[in-house]
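# Structural characterization, general
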Amino acid sequence: MFIILSHLPLLEQMINVRDKKLIQKFGYHLRELRTSAGFTQEQLANDADIPINQVGRIERGEINPTLSTLNALSRALNKTLPQLVDFPVSVE
């Protein structure tokens, strides 16, 4: 695959679609859901069948979880996917 260098800034913009604040807010929301359900990170990880360090990294806003990970987390927390992602987000 060849990349035309004049389009490199556009390619970088397309790849970098992460919204760090949104990811951090979701992590805080996940932590709230987990603790209100009485789960430790280890229990949630086991029930969702994901690595325990991944739960911590999501809660700290370090990684952007995939849709399949969100689905696994929602099932483990007995929530629907829309309930899992229902948290206030400010428009800037």
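Residues numbered from 1 in each chain as written. Predicted model: local features only at pLDDT ≥ 70, side-chain atom pairs only at ≥ 80, totals over all residues. Heavy atoms only, no water.

## Some details on the overall build of the protein
Selection criterion: Numbered from the N terminus, helices here are DSSP runs of H or I no shorter than four residues, and strands are runs of E no shorter than two. The buried label applies to any residue whose accessible area, calculated with a 1.4 Å probe on protein chains only, is under 20% of its type's maximum; exposed applies above 50%, and partly exposed to all values in between.
Helix and strand counts for the protein come out as six helices and zero strands. Element order for the protein, N to C, with α for helix and β for strand: α-α-α-α-α-α. Counting across all 92 residues of the protein, residues that qualify as buried make up 32%.

## Things to note about helix α3 (residues 41–48)
Note that an α-helix has 3.6 residues per turn; residues three or four places apart therefore point the same way. To be explicit about the condition: Directions are taken from the helix axis to each C-beta atom, and the arc is the one they span. Should any heavy atoms of two residues lie within 4.5 Å, those residues are considered in contact.
Residues of α3 that are buried include every one of Leu44, Ala45 and Ala48, and no others. For α3, the arc enclosing every buried residue in end-on projection is 100°, short of the 170-degree limit, so these residues lie on one face. Where α3 is buried, its residues meet α2 (20–36), α4 (52–59) and α5 (67–76). One or two residues past the end of α3 sits Asp49, with phi positive at roughly 60°.

## Concerning the environment of Leu44
Inspection of the secondary structure puts Leu44 in helix α3. Residues Leu44 and Arg34, spaced 10 residues apart in sequence, show a C-alpha to C-alpha distance of 7.3 Å.

## As for the nonpolar core
Definition in use: Throughout this description, the term nonpolar core refers to a set of buried Ala, Val, Leu, Ile, Met, Phe, Trp, Tyr and Cys residues connected via side-chain atoms within 4.5 Å.
One finds Phe26, Leu30, Leu44, Leu73, Leu77 and Leu84 to be the most contacted residues of the largest nonpolar core, which totals 18 residues. It is α5 that provides the largest number of residues to this core, a total of four residues. Leu44 has contacts with Leu30, Arg34, Phe39, Val55, Leu73, Ala76 and Leu77, leaving out every residue within four places of it along the chain.

## Here we look at the confidence of the model for the protein
Where we set the bar: As a per-residue measure, pLDDT reflects the predictor's confidence and takes values from 0 up to 100.
Looking at the protein, the pLDDT average stands at 86 and 78% of residues meet or exceed 70. In this model residues 10–15 is a low-confidence stretch, pLDDT under 50, and it forms one contact with partners more than four residues away in sequence or in other chains.

## Details of the environment of Leu70
Mapped onto the elements, Leu70 comes out in helix α5. A relative accessible area of 13% means that Leu70 is categorised as buried. As a C-alpha pair, Leu70 and Val85 span 15 residues in sequence and 8.5 Å in three-dimensional space. Setting aside anything within four residues of it in sequence, one finds Leu70 in contact with Phe26, Pro65, Leu81, Leu84 and Val85.

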